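Tertiary structure, described
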Amino acid sequence: MRHATFLPSMLAPDERTQTYIKQGRGVELTLGDGRTVIDGGSLSSCIVGHAHPKVVAAVQEAAEKGSIGDGTGWDPREQAAENLLRIAFKDEDWAKGVALFISASEAADLGLLLAQTLTGREPFVSRERGYHGAVGLGRSVSFNKLWKPKLVAGENGSEVLPPEPATIRRLPVPECGHGTPATYDPDHRCIESCLRDAPKLLEGAAAVIMDSTQGSVSPSPAYHDALAEAAREAGALWIADETVTAFGRFGHWFSFQRGEQRPDLVQLGKGITGGAAPGGALVLSEQVLEQIGDRRWTTSSTFRGHPVTVAAISATLRVVEEEGLVERSAELGLELAREADAIASRHPCVLRVVGGSGLLRQFQLDVPEWRTEAKWEGGLKVDSLPELVHREGVERGAYIGIFSGQTVWVIPPLIISRDQLAHVLEALDESLAVADRALEGGRL
Ligand SMILES: Cc1ncc(COP(=O)(O)O)c(C=O)c1O
C-alpha cells in the first residue's frame, strides 16, 4: 500500500484536485500552469478579493507582533469584537457578546453545546441538506453528508460513518427554497407546508440551526421567520448559521436581516476574515448573555482570537464598510439574478437556479439520479457534469465554483466589476452549452 504524506480533504491519499492555483490578486487567480482566470467562485470567504492590500497590511503588522495566545490580554482582540458589533451589527442592538473561534465549525460546536447547557435539553433540529461544520455537534446537525467525515470506498461508494453524539431531528427540504424571490409561490405558507412538523420537532429541543445556502436550497426569509417563531414558542434557541452569507453575500450584512425575526446566536466564519486567515465567531444576543449571567463560560483553545485572525477581521470589516460592498452585492445581485435566469432558460442541463438576493447563484444541474436524496448523501467521486462545467469555464478564463456533485456556484468576491461578472457569466453560458451536448450525447 502507498503511504502518502499529504491527506487532502475529500480525496483518497493518492488523489489530487484538478485545478491548482499559484496566487490570487483581487478578482484574478493565476493557475498552476500560469493562466489567469476571473474568480467566479473559488472560495466563498474571499469577499474583499484576494490579497486586499489593506487586509494584507493588517495581517503583516499583526504577525510582526509575535505570538499572543487566548489566555493573555491583547487589545486588538477586544477591538475586533467591538468592531464586529459596531460595524456589521450596527442596526442590531440585541447583539451584545462576541466569542472568537478558529473556524465556523468550532463556532457551531460551541454554540450547540452552549444551547444544550442553557436549556438542559439534548436534541437539535436541523434541515435536510444543511451543513454547519466538520467537527463535534456541528457535524451531527449537518444532514448534507457530502461533507461529513467518513470513509468512502471509491469503487462502489460504500461508506463508514462514525456514530452521532446527539439526537438530531430532521426538517424536510424547504419547498420555498427553490428559485428566486420572483418565482416564489405567493400563496406558499411555510408553517402550513414545509414547516408543518416544526412545532412538534422543536418540542424539548435545545436549538434549531439554519443556514441559507447549502444543498441547492435557499430558504425564504418567511421560512426563517416562521421557524424562528416556532423555536421561540418551544423554548429552543435559534442559531443562525451565517458562515457563507456574512458579510454581505445576500446584499445585507447578514441573511437574517431579510426577515423580521432575530436569532439567539449567530455563527460566523469564512468571510469575516476576508479569507486572509482562519477564523470563526459566535455572536450572542442580550437574552442569551442574561441567561449566562455572571457565570463564566469556560472553554478555551490556543489559537482563538489569534493576532493574525483578529487583524484580518477588523481590516475586512473596514474594507466592506468603506467600499460599500454590502450595497454593491445587492446591486450587482439584481443583474446576476436576471442573467442567471436567462442563462438557465437556455440550457436543458440546468434544473433550477437557486439564490435569494445578492452575489450568489447556484445552478443545480441535471445530474443523473439527482432526484434521489442519496445524491445529497455524498460519496467520494463527484458527478462529472459540474466538473465538466468547471473545466470548460477555466478554459474560457473563469473559475466557476464547484462545491457539490449537483451544482455549480457563482459566488465571486464582492469587489467584482460589472465587466468581470459579465465575463464569468459568458463563460458559464458557453460551458453549460458543452454540458448540454454532453448530456444529449449520453456521455455522462
Ligand atoms: C453554511 C456553513 N456553515 C458552516 C461551515 C463550516 O465552515 P468551516 O469549514 O470554515 O469550519 C460551512 C463550510 O462550508 C458552511 O458552508
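Calculation rules
Residues numbered from 1 in each chain as written. Predicted model: local features only at pLDDT ≥ 70, side-chain atom pairs only at ≥ 80, totals over all residues. Heavy atoms only, no water. Helix = DSSP H or I, 4+ residues; strand = E, 2+ residues; numbered from the N terminus. Rg over C-alpha atoms; globule rule 2.2 N^0.38 Å. Buried < 20%, exposed > 50% of the residue type's maximum accessible area, 1.4 Å probe, protein only. Contact = heavy atoms within 4.5 Å. Near = heavy atom within 4 Å. Polar contact = N/O pair within 3.5 Å; in protein donor to acceptor, adjacent residues only side chain to side chain. Areas by Shrake-Rupley, 256 points an atom, 1.4 Å probe, with all protein chains shown as cover. Nonpolar A, V, L, I, M, F, W, Y, C, P; charged D, E, K, R; others polar. Salt bridge = Lys/Arg side-chain N within 4 Å of Asp/Glu carboxyl O. Pairing = 2+ DSSP bridges. Domains from an automatic or database assignment. Expected span 1.5 Å × (residues − 1). Phe/Tyr/Trp six-rings, centres within 6.5 Å; stacked < 30°, edge-to-face > 60°.

Before going further, it helps to spend a moment on the overall build of the chain. If you tally the helices and strands in the chain, you get 11 helices and 16 strands. Compactness check: the chain gives a C-alpha radius of gyration of 21 Å against a globular reference of 22 Å for 444 residues, within 12% of the reference. In terms of its C-alpha atoms, the chain occupies a principal-axis envelope of roughly 65 × 55 × 55 Å. Counting the 444 residues in the chain, one finds 56% classified as buried. Look at the contacts in the chain between residues 6 or more apart in sequence, and 72% of them connect residues 24 or more apart.

Attention shifts here to the site of the ligand. In the vicinity of the ligand there are 13 residues, among which S105, H132, Q214, D241 and K270 approach most closely. K270 is positioned with one of its side-chain polar atoms (N or O) 3.1 Å from an oxygen atom of the ligand. The protein chains hide 81% of the 390 Å² of surface that the ligand would expose on its own. Its residues assigned to classes, the shell around the ligand shows 3 nonpolar, 7 polar and 3 charged.

Quick look at the pattern of salt bridges now. Per the stated rule, a full pass over the model turns up 16 salt bridges. Here D33 ties to R35 by a salt bridge, and the two come within 3.0 Å at their closest N and O atoms. Overall, the relative accessible area of 34% leaves R35 in the partly exposed class. Salt-bridge contacts for D264 lead to R232; the nearest nitrogen and oxygen are separated by 3.6 Å. Separated by 32 residues along the polypeptide, D264 in the loop between β10 (237-241) and β11 (265-268) and R232 in helix α6 (residues 221-234) bring together distant segments of the chain.

Strand direction decides the pairing type here: strand β2 (residues 28-31) and strand β3 (residues 36-39), joined by 3 bridges, are antiparallel. Bridging across to β3, L29 finds its partner in V37. As consecutive antiparallel partners, β2 and β3 are separated by 4 residues, and within that stretch G34 has a phi angle of approximately 95°, a positive value. Taken together, the 2 bridges between β3 and strand β15 (residues 398-399) define a ladder with parallel strand orientation. From the neighbouring strand, D39 faces β15, where its bridge partner is Y399.

Attention shifts here to the domain arrangement of the chain. Many structure descriptions define interface size as the accessible area lost when the parts assemble. The domain boundaries assigned to the chain delineate domain 1 (21-51 + 324-440) and domain 2 (53-322). A C-alpha centroid distance of 24 Å is found between domain 1 and domain 2. Tallying the contact residues gives 39 residues for domain 1 and 44 residues for domain 2. Taken together, the links from domain 1 to domain 2 amount to 12 residue pairs in polar contact (both at pLDDT 80 or more). Sorting the residues of the side of domain 1 that touches domain 2 by element identifies α9 (325-346), β13 (350-354), β14 (361-365) and β16 (407-410) as the ones contributing at least two each.

Here the focus is helix α8 (residues 307-322). With 16 residues, α8 extends 22 Å between its outermost C-alpha atoms, agreeing within 8% with the 22 Å of an ideal straight helix rising 1.5 Å per residue. Across the 16 residues of α8, 13 count as buried, placing the element largely inside the fold. At the exit of α8 stands G324, carrying a positive phi of roughly 60°.

Another aspect to go through is the pairing of β2. Within a regular beta strand, the side chains point alternately toward one face of the sheet and then the other, so they alternate between its two faces. Covered by surrounding structure in β2 are L29 and L31 only, the residues E28 and T30 on the alternate face being uncovered. Pairing analysis gives 4 bridges linking strand β1 (residues 21-25) to β2, with the strands arranged antiparallel. Residue pairing in the sheet places R25 in a bridge with E28 of β2. Counted along the chain from β1 to the antiparallel partner β2, the turn is 2 residues long, and its residue G26 has a positive phi close to 60°.

Scanning the entire structure with this criterion turns up 9 aromatic pairs. Note on Y131 and W147: the rings are 6.3 Å apart at their centroids and 50° apart in plane angle, and the pair reads as tilted. Residue Y131 is found in the loop between β5 (124-127) and α4 (136-140), and its partner W147 is found in the loop between α4 and β6 (151-152); the two are separated by 16 residues along the sequence. Relative accessible area serves as the criterion here: at 18%, Y131 is assigned to the buried category. Aromatic side chains F247 and F254 sit 6.2 Å apart centroid to centroid with 80° between the ring planes, which places their arrangement in the edge-to-face category. In this structure, F247 and F254 share a single accessibility class: buried. Through successive ring pairs, a cluster of aromatic residues spans F89, W94, F247, W253, F254 and F256.

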